[in-house]
Amino acid sequence: MKLQEYRSKEILARYGVPLLPGETATSPEEARAAAQRIAGAVVVKAQVLVGGRGKAGGVKLAATPQEAEARAREIIGLEIKGVTVRTVLVAPAAEIAKEYYLGLILDRAAKAVTVIASAEGGVEIEETARTNPEAILRLALHPLIGLQDHNVRRASFFLGIPPDLRRDFAAVLKGLHAAFMDSDADIAEINPLVVTTDGRLVALDAKIVLDDSALPRHPDLEPMRDLNEEEPAEVQAREAGISFIKLDGTIGCMVNGAGLAMTTMDLVKLAGGEPANFLDIGGGAKADRVAAAFRIILDDPNVQAVLVNIFGGITRGDEVARGIVEARQTFTREVPMVARIVGTNAAEAAEILRAARLITATSLDDAAAKAVAAARGVQASERLG
Ligand code: GDP
Ligand code: MN
C-alpha cells in the first residue's frame with residue numbers, strides 16, 4: 001500500500017524526522033485558508049501516488065495566500081500520469097541550499113534492508129541509477145542488528161553532509177529506519193532531504209510503501225489507504241478475500257494458488273495471448289468466492305475469454321465445477337470459458353462442466369491454447385459484426 005506524501009510525513013514526524021508540517025486542502029479556498037494560517041511563503045503540492053509531480057506542474061510555490069489559492073486552482077483537477085489531483089498539501093516553503101536523496105528499501109537480492117543515498121537529490125532515484133549510478137550508495141544493513149552507527153557515518157560521509165549537521169543527519173536516518181521497521185514498510189524515502197539556506201536539515205518530500213501482507217499488524221495504518229487511487233476491482237477483490245491484480249490483456253484467469261496463477265499467466269503468454277489479470281481464489285474456495293472472482297474478472301470489458309485452472313487438493317474439483325456453473329447463471333455477459341480442473345474428483349468435475357457446455361481441457365498447455373483461440377474467436381466475430 002502506497003501512502004500519500006502527507007501520510008508518510010505524519011509517520012516520519014512521529015519518529016522525530018524534521019519536517020515543515022502543512023495542511024491538506026481539497027479546494028482552492030481551503031488552500032488559501034491554510035496558507036493564511038501558515039503565514040509566509042508556502043508550497044502547494046499535489047497529493048497523488050506517482051513520482052515526478054514537480055516536473056508535471058504539481059508542486060508550486062506561492063508567496064501569499066491569494067497566490068496559494070491560485071496555484072491550488074491550477075493543481076486541483078490536474079491530471080498527473082493518469083491520476084486526477086483531488087487533494088493538495090500546503091506547507092511552509094523552504095529555501096533550499098542543497099538536496100539529497102535518502103531512502104530505505106527491502107532489497108530481496110541482498111536479503112537485507114538497504115540504505116540508498118545520493119547527493120543528487122530532488123530527481124527520481126531511478127533516473128540517477130540510469131545516468132549516474134556511481135552517485136548512489138547502497139548499504140545493506142545487518143539483518144539482525146539493523147542500522148548501526150558506522151552505517152550512519154558511512155552514509156553521512158558519502159553524501160558530504162556538513163559537519164555541523166551530521167548529528168541531525170544521524171537522527172533523520174535513525175528515525176527513517178525506525179519508521180520503516182515499525183510499520184513493516186517495503187520502501188521509505190525522503191527525496192529531497194534538504195539543507196536550507198539557514199542551515200537546517202529538513203525532509204521536504206516523503207514516500208512510504210507498506211507491505212500489504214503485514215497490514216493486518218497495523219490497524220492504525222489501514223485508514224491511511226487512499227481508495228481514490230486504487231483499482232476498484234482490486235478493492236472489491238480484497239474485500240472478498242481474493243488476491244487480484246489487474247493487467248491489460250484479454251484472457252481472464254481464475255486460479256487457486258499464487259504459483260499456479262503465475263504459471264497460468266506464463267502459459268497464456270506462451271500460447272500467444274495476454275492475461276487480463278492475476279487472480280488467486282485461495283485454498284478451499286467456496287462457491288460464493290468463486291462467484292465473486294467471476295464477477296471481478298467479467299467486470300473488465302477487455303476480457304474476451306476466461307481460463308479456469310484449478311488444482312484440487314483439499315479443494316474438491318466437483319464443488320468448484322458446481323460453483324462455476326451456478327455463478328455462470330448470474331453473469332451479465334457471455335464469454336467463452338475454458339476450464340481445467342485436475343486433482344480430487346476431477347472426473348466428476350469434467351462431467352459437470354461438459355454438461356454445462358463449458359470448454360474443458362486436461363493439460364495446462366491445452367487449456368491456455370483453447371482460451372487464446374476462444375478470445376481470438378470473440379475478437380474476430382466482433383470485427384465481422
Ligand atoms: P516530486 O517531484 O513528486 O518528487 O515532489 P517533491 O516534493 O520532491 O518536489 C519536487 C521539487 O520541488 C523538489 O525537489 C524541490 O526542488 C522543489 N520543492 C519542493 N518543495 C519546495 C519548497 O518548499 N521550496 C522550494 N524552493 N522548492 C521546493
Ligand atoms: Mn520528491
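Below is a summary of the structure that appears in this document. Computed from a prediction, not measured in an experiment: that's the story for all the values here.

Cut-off values and rules
- Residues numbered from 1 in each chain as written.
- Chains lettered and ligands numbered in written order.
- Predicted model: local features only at pLDDT ≥ 70, side-chain atom pairs only at ≥ 80, totals over all residues.
- Heavy atoms only, no water.
- Phe/Tyr/Trp six-rings, centres within 6.5 Å; stacked < 30°, edge-to-face > 60°.
- Helix = DSSP H or I, 4+ residues; strand = E, 2+ residues; numbered from the N terminus.
- Buried < 20%, exposed > 50% of the residue type's maximum accessible area, 1.4 Å probe, protein only.
- Lys NZ or Arg CZ within 6 Å of the ring centre and 35° of its normal.
- Near = heavy atom within 4 Å.
- Polar contact = N/O pair within 3.5 Å; in protein donor to acceptor, adjacent residues only side chain to side chain.
- Areas by Shrake-Rupley, 256 points an atom, 1.4 Å probe, with all protein chains shown as cover.
- Nonpolar A, V, L, I, M, F, W, Y, C, P; charged D, E, K, R; others polar.
- Donors = N, O, S within 2.8 Å, 3.2 Å for Na, K, Ca; no water.
- Pairing = 2+ DSSP bridges.
- Axes fitted to C-alpha atoms, helices over the stretch in contact; angles between N-to-C directions.
- Contact = heavy atoms within 4.5 Å.
- Salt bridge = Lys/Arg side-chain N within 4 Å of Asp/Glu carboxyl O.
- Expected span 1.5 Å × (residues − 1).
- Arc of directions from axis to C-beta.

1. Quick notes on the packing of aromatic side chains
One pass over the structure, following the stated rule, counts one aromatic pair. Centroid distance F294 to F331: 5.1 Å. Interplanar angle 55 degrees. Geometry classified as tilted. With F294 in helix α9 (residues 287–298) and F331 in the loop between α10 (317–328) and β17 (337–343), this residue pair connects regions lying 37 residues apart in the sequence. Residue classification places F331 among the buried positions, given a relative accessible area of 16%. Cation over ring: K98 sits above Y100, and NZ or CZ is 5.5 Å from the ring centre.

2. So, the site of ligand 1
Close to ligand 1 lie 16 residues, the nearest being K45, R53, G54, A94 and E99. Contact between ligand 1 and K45: an oxygen atom at 2.5 Å from a side-chain N or O atom of the residue. For ligand 1, the protein covers 81% of the area, taking 560 Å² as the surface of the free molecule. Those elements that place two or more of their residues in the shell around ligand 1 are β2 (42–46), β3 (59–62), β7 (96–107) and β10 (185–196). In terms of residue class, the shell around ligand 1 is made up of eight nonpolar, four polar and four charged.

3. So, the coordination of the manganese ion (ligand 2)
For the manganese ion (ligand 2), the protein coordination sphere consists of N191 (O) and D205 (OD), at 2.2 Å. Here the residue N191 occupies a position in strand β10, and D205 occupies one in the loop between β11 (201–203) and β12 (206–210), the gap between them amounting to 14 residues. Taking relative accessible area as the criterion, N191 reaches 10% and is therefore assigned buried.

4. Let's talk about the sheet that holds β2
Overall, antiparallel pairing links the four strands, which are arranged β1-β6-β2-β3 in an open sheet. Strands at the two margins of the open sheet, each flanked by one partner only, are β1 (23–25) and β3. Taken pair by pair, the neighbouring strands of this sheet meet at an average axis angle of 25 degrees, ignoring direction. Against the sheet, helix α1 (residues 5–14) touches β1, β2 and β6 (88–92), its axis set at about 50 degrees to β6. Sheet contacts for helix α2 (residues 28–38): β1, β2 and β6; angle to β6, the most-contacted strand, approximately 15 degrees.

5. Points about the pattern of salt bridges
Under the counting rule described, the total for this entry stands at 27 salt bridges. A salt bridge links R130 to E127, with the nearest nitrogen and oxygen atoms 3.7 Å apart. With a gap of three residues between them, R130 and E127 both fall in helix α4 (residues 125–131), about one helical turn apart. Where K246 meets D300, a salt bridge forms, and the shortest distance between an N and an O atom there is 3.6 Å. Residue K246 is located in strand β13 (residues 243–246), and its partner D300 is located in the loop between α9 and β16 (305–312); the two are separated by 54 residues in the primary sequence. Shared partners join several salt bridges into a network, and the residues in it are E5, K9, K45, R53 and D205.

6. Section: the pairing of strand β8 (residues 112–118)
Most of β8 sits inside the fold, with seven of its seven residues counted as buried. Pairing between β7 and β8: seven bridges, direction antiparallel. If you follow L106 over to β8, its bridge partner there is V113. Hairpin geometry of β7 and β8 is characterised by an intervening segment of four residues between the two adjacent antiparallel strands and by a positive phi of about 50 degrees at K111.

7. Here we look at the side chain of Q47
By the element assignment, Q47 lies in the loop between β2 and β3. Assessed through its relative accessible area of 4%, Q47 is described here as buried. Side chain to side chain, Q47 and E5 meet in a polar contact 3.0 Å long. In this structure the side chain of Q47 is engaged in a polar contact, spanning 3.0 Å, whose partner is the backbone nitrogen of Y6. Apart from the residues within four sequence positions on either side, Q47 is in contact with Q4, E5, Y6, R53, V85, T87, V88, L89 and E229.

8. Some words on the environment of L193
Within the fold, L193 resides in strand β10. For L193, a relative accessible area of 0% corresponds to the buried category. Sequence spacing of L193 and D365 is 172 residues, and the spatial spacing of their C-alpha atoms is 51 Å.

9. As for helix α6 (residues 166–182)
The first and last C-alpha atoms of α6 sit 24 Å apart over 17 residues, in line with the 24 Å expected at 1.5 Å per residue. The set of residues buried in α6 consists of F169, A170, V172, L173, G175, L176, H177, A179 and F180. Where α6 is buried, its residues meet α1, β7, β8, α5 (149–159), β10 and β11. Phi turns positive, to about 55 degrees, at D184, one or two residues after α6.

10. Here we look at α5
Three or more residues of α5 are buried, namely N151, V152, A155, S156 and L159. Around the axis of α5, the buried residues are gathered within 130 degrees of arc, so they sit on the same side. Summarising the contacts, the buried residues of α5 are in contact with β7, β8, β9 (136–140) and α6. Of the residues one or two after α5, G160 is the one with positive phi, at around 70 degrees.

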